[in-house]
Amino acid sequence: MSKKVRRRLLILFTSLFIFSLFYLIAFFENRNHIEEQKSIIKNKEEILVSRINTALNYSIGGAEGVVSFIKTYPDLNQTDFSNYVSKVLDPDNEIVSHLVAIKDTTIAFSYPLEGNESGIGVDLATIEGQKDQILKVKNDNLSMLVGPIELVEGGNNLINRMPITIRERYWGQLSVIIRYEALLESAGINELSISNYIDIKQINDVDGTESIIYSNHEDFTFYQIAKTVNVPNGHWLISLEPKEGMKKKSFFYYITLVVGVVFSTTVAYILNYIMQVNHNLNKIVDIRTEHIQNMNIKLEESLEQLKSTQDQLIEKEKMAGLGELVAGVAHEINTPIGICITTNSYMENIVDTTTSKFDSKQLKKSDLVKNLKLLKDSTTIITENLNRSSKLVNNFKLLSADKDLENNIPINLKKFLDYIAL
């Protein structure tokens, strides 16, 4: 893998790592944002549940006293029933429509009686929609909140059926007719339904039946919030969801992502710039290093040339000194040799002259004696000059050989200086 590819991978990894950090921040911020929205919905729903619980308890609570009154006076009539209920039932309570006393399975009394006369004497065990509930309360001796149910007197309402037993014998039931619309209105559902989808479903724990108490929407999403309200032998499941839906992404989420993109891109650009500068610097260093190495090579070559030139100069200087020495020695040797050559030529002339005179019989004794003397002198001169030349050569040989002597030898300083001088 080339350095360029590694550099790009490093920049990409760094950029993605930094962006992932910003994404995590945005993710957790958005999750907190959703939880805050859910918390707001839960608070609204808890208020609704609390109000519904309060309204139900307020509506049903007074009925316990009526049940006790009937148990005390099982032979009561309509007047007795109306007088007692009128005292315990809050006249300002718009949630409770009316109370019905059912003897066995037949409606016996009603309060208020006005407007509900049509129900008196009706056997509810013969009416579909109420038969099963009436018999269930009778046979199992349990309370049930059912509905909405179409009443004999007309209209759809909730009914809280409460069994009445006297000395463990079934006497009948007390039904509290509840205007559920008024109950929900008192809980603030109308105001809450303006901006929220609401669904209230009643589930009967006895027989598992379900019925819709209130609903302004059918299809709820994943973000609905559900709460439970306990009612006699059942519960209400209240679901709530904002009509505008959950704001899945907060403004800060997008800002964080944008900042993450900008920051990671900036870091990638700066990192790329730094790595590019570093690469260029390394390249410059490599070029300069190569240049220095080339210069060192050239300097070494120059040094070698200088050494070679120096050796040549030294050798030439030696040769020049040797030539000068040889020239001096040759000059010194040429002088006696030249004298010998000249003397020898002189002797040849004397011999030729003497021979010529002898052949012509003109040679005199005096000439012969003279010429012999001259020859004798000439040979003496030649001998002396040859000895001188031989001595010069021997001294030169000794001078050149002295540098190779390793052993100390005794010398006559005067003679040594004389031969050096010679």
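First, a word on what this report is: a plain description of the structure on this page. (Residues numbered from 1 in each chain as written. Predicted model: local features only at pLDDT ≥ 70, side-chain atom pairs only at ≥ 80, totals over all residues. Heavy atoms only, no water.)

Some remarks on the overall build of the protein
Moving on, step 1. Helix and strand counts for the protein come out as 9 helices and 9 strands.
Moving on, step 2. Taking 2.2 N^0.38 as the reference for a compact globule, 422 residues should give roughly 22 Å; the C-alpha atoms of the protein span a radius of gyration of 72 Å, well beyond that estimate.
Moving on, step 3. Taken along the three principal axes of its C-alpha coordinates, the protein extends 220 × 45 × 35 Å.
Moving on, step 4. Looking at the protein residue by residue over its 422 residues, the buried ones come to 32%.
Moving on, step 5. The contacts in the protein between residues at least 6 apart in sequence include a share of 62% that link residues at least 24 apart.
Moving on, step 6. When the accessible surface of the protein is split by element, carbon and sulfur atoms take 56% of a total near 27,400 Å². (Helix = DSSP H or I, 4+ residues; strand = E, 2+ residues; numbered from the N terminus. Rg over C-alpha atoms; globule rule 2.2 N^0.38 Å. Buried < 20%, exposed > 50% of the residue type's maximum accessible area, 1.4 Å probe, protein only. Contact = heavy atoms within 4.5 Å. Areas by Shrake-Rupley, 256 points an atom, 1.4 Å probe, with all protein chains shown as cover.)

Some thoughts on the packing of helix α2 (residues 63-72) against helix α3 (residues 78-88)
Moving on, step 1. Their axes nearest at 10 Å, the elements α2 and α3 cross at an angle of 150 degrees. Classed by the angle they form, the pair α2 and α3 counts as roughly antiparallel. For α2 against α3, the interelement crossing comes out right-handed. Where α2 abuts α3, its residues G65, V66, F69 and I70 lie against D80, F81, Y84, V85 and V88. (Axes fitted to C-alpha atoms, helices over the stretch in contact; angles between N-to-C directions. Parallel < 35°, antiparallel > 145°, perpendicular 65-115°, else oblique. Left-handed = near helix turned anticlockwise from the far one by under 90°.)

Structural notes on the sheet that holds strand β6 (residues 196-204)
Moving on, step 1. Read from one edge to the other, the open sheet built from 4 strands follows the order β7-β6-β9-β8, with strand pairing classed as antiparallel. The sheet is open, and its two edges are formed by β7 (210-215) and β8 (225-231), each paired on a single side. The mean angle between the axes of side-by-side strands here comes to 20 degrees, regardless of whether they run parallel or antiparallel.
Moving on, step 2. Bridging between β8 and strand β9 (residues 234-242) involves 7 bridges; their strand directions are antiparallel. Residue pairing across strands places A226 opposite S239, the latter belonging to β9.
Moving on, step 3. In the packing of helix α1 (residues 3-61) onto the sheet, the strands contacted are β6, β8 and β9, and the crossing angle to β8 comes to about 15 degrees. (Pairing = 2+ DSSP bridges.)

Some points on helix α4 (residues 131-140)
Moving on, step 1. Those residues of α4 not exposed but buried are Q133, I134 and V137. End-on view of α4: buried residues confined to an arc of 100 degrees, all on one side of the axis. In this structure, α4 carries D132 and N139 as exposed residues pointing more than 90 degrees from its buried face.
Moving on, step 2. Of the residues flanking the end of α4, it is N141, one or two places downstream, whose phi is positive at about 55 degrees. (Arc of directions from axis to C-beta.)

Some thoughts on the pattern of salt bridges
Moving on, step 1. Per the counting criterion, the structure on display carries 5 salt bridges.
Moving on, step 2. D104 serves as the salt-bridge partner of K138, at 2.9 Å between the closest nitrogen and oxygen. With K138 in helix α4 and D104 in the loop between β1 (96-103) and β2 (106-111), this pair connects stretches of sequence that are 34 residues apart.
Moving on, step 3. For K138, a relative accessible area of 29% gives the class partly exposed.
Moving on, step 4. Judged by relative accessible area, which is 33%, D104 ranks as partly exposed.
Moving on, step 5. Linking E210 and K201 is a salt bridge whose minimum nitrogen-to-oxygen distance equals 4.0 Å.
Moving on, step 6. The class for K201 is partly exposed, based on a relative accessible area of 25%. (Salt bridge = Lys/Arg side-chain N within 4 Å of Asp/Glu carboxyl O.)

Considerations on the sheet that holds strand β5 (residues 169-178)
Moving on, step 1. Strand order in the open sheet made by the 5 strands is β2-β1-β5-β4-β3, with antiparallel pairing throughout. Either end of the sheet is taken by a strand with one partner, and the two such strands are β2 and β3 (144-150). Looking at each pair of strands side by side, their axes are set apart by 30 degrees on average, direction ignored.
Moving on, step 2. Note that strand β4 (residues 156-166) and β5 share 9 bridges and pair antiparallel. Within the sheet, the bridge partner assigned to N160 lies in β5 and is V176.
Moving on, step 3. Lying over the sheet, α2 contacts β1, β4 and β5, oriented at roughly 40 degrees with respect to β4.
Moving on, step 4. Of the strands in this sheet, β1, β3, β4 and β5 are in contact with α4, which crosses β4 at around 25 degrees.

Details of the nonpolar core
Moving on, step 1. Judged by nonpolar contacts, the single largest core of 45 residues is most densely connected at I52, L56, F81 and W236.
Moving on, step 2. Here this core gets 7 residues from one element, more than from any other, and that element is α1.
Moving on, step 3. When sequence neighbours within four positions are dropped, the list of residues in contact with I52 reads L183, L184, A187, I200, V229, W236 and I238.
Moving on, step 4. Of all hydrophobic cores here, the second largest spans 14 residues; its members include V122, M144, L151 and I159. (Core = buried A, V, L, I, M, F, W, Y, C linked by side-chain atoms within 4.5 Å.)

Here's the deal with a negative patch on the surface
Moving on, step 1. A cluster of acidic side chains, namely D90, D92, E94, E181 and E185, defines a negative patch on the protein surface.
Moving on, step 2. Considering the arrangement of structural elements, one finds D92 in the loop between α3 and β1.
Moving on, step 3. Of the residues examined, D92 reaches a relative accessible area of 65% and is grouped as exposed. (Patch = residues over 30% accessible without salt bridge, like charges linked within 9 Å, V, L, I, M, F, W, Y side chains within 5 Å. Lys, Arg positive; Asp, Glu negative; His and termini not counted. Charge placed at Lys NZ, Arg CZ, Asp CG, Glu CD.)

A word on the side chain of S389
Moving on, step 1. By secondary structure assignment, the location of S389 is in helix α8 (residues 365-401).
Moving on, step 2. Note on S389: relative accessible area 7%, which makes it buried.
Moving on, step 3. Among all residues touching S389, those that are not within four sequence positions of it are I333, P336 and I337.

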